Amino acid sequence: YNYLVDAIFLTYKGERGNISKVLAPKYKKTDKSIERAMQNAIKQAWVTNDIEELLKHYTARVSIERGAPTLTEFICHYATKIDRESE
């Protein structure tokens, strides 16, 4: 979850590209392991929590086929939300 918080913050601050590669040195992990951990955290949240409650906070579209937002969708949604709320 810390990876996601950092990824959202970096995106909000304007970081573009592979966020996992930016976070890898900080956490002394591979970019692939950080990416997998973030994806798993999102999937786990969608599997274990009430969907109505999730959709109150995550207002972007979610693909019915996928059932959860992608990593990029999730990060960008919250970075944009923070940006709008800070205006």
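Attention here is on the structure that accompanies the text.

Things to note about the packing of helix α2 (residues 19–27) against helix α3 (residues 31–48)
It is the contact of α2 with α3, at a shortest axis distance of 8 Å, that shows an interaxial angle of 105 degrees. Taken together, the axes of α2 and α3 are roughly perpendicular relative to one another. Residue-level contacts link Ser-20, Lys-21, Leu-23, Ala-24 and Tyr-27 of α2 to Asp-31, Ile-34, Glu-35 and Met-38 of α3. Residues of the contact of α2 with α3, tallied by class, amount to five nonpolar, one polar and three charged.

Some details on the packing of helix α1 (residues 2–12) against α2
In the contact formed by α1 and α2, the axes pass within 10 Å of each other and the chain directions differ by 125 degrees. The pairing of α1 with α2 is recorded here as oblique in orientation. Crossing handedness for the pair α1 and α2: right-handed. When α1 is examined against α2, the residues Asn-2, Tyr-3, Asp-6, Ala-7, Leu-10 and Thr-11 are found in contact with a partner set consisting of Ile-19, Val-22, Leu-23, Lys-26 and Tyr-27. Within the contact of α1 with α2, the residues separate by chemical class into seven nonpolar, two polar and two charged.

Scoring rules and cut-offs
- Residues numbered from 1 in each chain as written.
- Predicted model: local features only at pLDDT ≥ 70, side-chain atom pairs only at ≥ 80, totals over all residues.
- Heavy atoms only, no water.
- Axes fitted to C-alpha atoms, helices over the stretch in contact; angles between N-to-C directions.
- Helix = DSSP H or I, 4+ residues; strand = E, 2+ residues; numbered from the N terminus.
- Parallel < 35°, antiparallel > 145°, perpendicular 65-115°, else oblique.
- Contact = heavy atoms within 4.5 Å.
- Nonpolar A, V, L, I, M, F, W, Y, C, P; charged D, E, K, R; others polar.
- Left-handed = near helix turned anticlockwise from the far one by under 90°.

These values are about where atoms sit, not about what they do.
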